[in-house]
Amino acid sequence: MKVIEIEPGDDLLKKYIECYQLFEIAEPLWVKAISTGTLECWIKLRGGFRIFDPKEGRFKPAASSGIFPVGTNGYVFHVPNNTICINIKLSPSVLALSSFKDLINQWESFNFDQFVGESGTNEFRNLDISDFENLSSKIDAIVKAHNDFESIDSRIQSVLTSIIASGNHPPTVKELAFENHLTIKSLERLIKKVFGMTPKKLIGI
């Protein structure tokens, strides 16, 4: 397996995108990925892979693009043949973007078009991946063209970081508000505006 990893060149994107990755897999491969507190957004350029579904107890084919939500669970993959895939590691705060509206409740149906638009998806598929190490500025431009990163409320990043960092001991709504220097009412308004749900439900998810 060959992996090339590059960082965004744009200073604004560096706040919300950890890296862009290119995976080139020539032989059958089994992989277990552990959660790193980021969203993992992928688009397949060639081949395919399967993801183990613990609920059904079997591997299921992955879509041509999709996303893994933030969580404590890892994922097990099986890559049966030659596969090329681009992966983007995103900060949880991108959930405040309109591109990710309703993602928390409907992440399984997410596709790359929602993130970069149909034209952006086509641009990704047409990238010259032989020069991937030098594509950060081009990828930055595609991602920024469809997303207003300046609109992200900095309080969202702080709140989500608090929830994720708590691991298996989630905070109460009162604790979450206190830790982020918000009143309970202010926290409720913020979470309702961005995610359309109560803080308690967001913590539970």
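Residues numbered from 1 in each chain as written. Predicted model: local features only at pLDDT ≥ 70, side-chain atom pairs only at ≥ 80, totals over all residues. Heavy atoms only, no water.

J.: Which parts of the structure should I look at to understand the packing of helix H4 (residues 154-165) against helix H6 (residues 184-195)?
T.: Each pair of packed helices can be summarised by the angle the axes make with each other and by the distance between the axes. Contact pair H4 / H6: the axes reach a minimum separation of 11 Å and the direction vectors enclose 100°. Of the possible angle classes, the one that applies to H4 and H6 is roughly perpendicular. Between H4 and H6, the contacting residues are Arg 155, Ile 156, Val 159 and Leu 160 on the first element and Leu 187, Leu 190, Ile 191, Val 194 and Phe 195 on the second. (Axes fitted to C-alpha atoms, helices over the stretch in contact; angles between N-to-C directions. Helix = DSSP H or I, 4+ residues; strand = E, 2+ residues; numbered from the N terminus. Parallel < 35°, antiparallel > 145°, perpendicular 65-115°, else oblique. Contact = heavy atoms within 4.5 Å.)

J.: What should I look at first to understand the nonpolar core in this one?
T.: When a protein is soluble and globular, its nonpolar side chains tend to lie buried together. Counting 48 residues, the largest nonpolar core has Phe 100, Phe 115 and Phe 124 as the members making the most contacts within it. Residues within four places of Phe 100 in sequence aside, it is in contact with Ile 67, Leu 90, Val 94, Leu 95, Phe 110 and Phe 115. Judged by nonpolar contacts, the second largest core, of nine residues, contains Ile 25, Trp 42, Ile 51 and Phe 77. (Core = buried A, V, L, I, M, F, W, Y, C linked by side-chain atoms within 4.5 Å. Buried < 20%, exposed > 50% of the residue type's maximum accessible area, 1.4 Å probe, protein only.)

J.: I keep staring at the sheet that holds strand S8 (residues 75-79) and nothing clicks. Help me out?
T.: Sheets are built from strands paired through backbone hydrogen bonds, the pairs being either parallel or antiparallel. Pairing within the open sheet is antiparallel, and its four strands lie in the order S3-S8-S5-S6. The two strands at the open ends of the sheet, each matched to only one other strand, are strand S3 (29-33) and strand S6 (58-61). Pairwise comparison of adjacent strand axes, ignoring direction, gives a mean angle of 30° for this sheet. In this sheet, S8 lies alongside strand S5 (residues 50-53) in antiparallel orientation, the contact comprising two bridges. Bridge pairing links Ile 51 to Phe 77 in S8. (Pairing = 2+ DSSP bridges.)

J.: Looking at this model, I keep getting lost on the environment of Glu 118. Mind explaining?
T.: Position of Glu 118 relative to the elements: it lies in helix H2 (residues 112-125). Linking Glu 118 and Phe 100, residues 18 residues apart in sequence, is a C-alpha distance of 15 Å.

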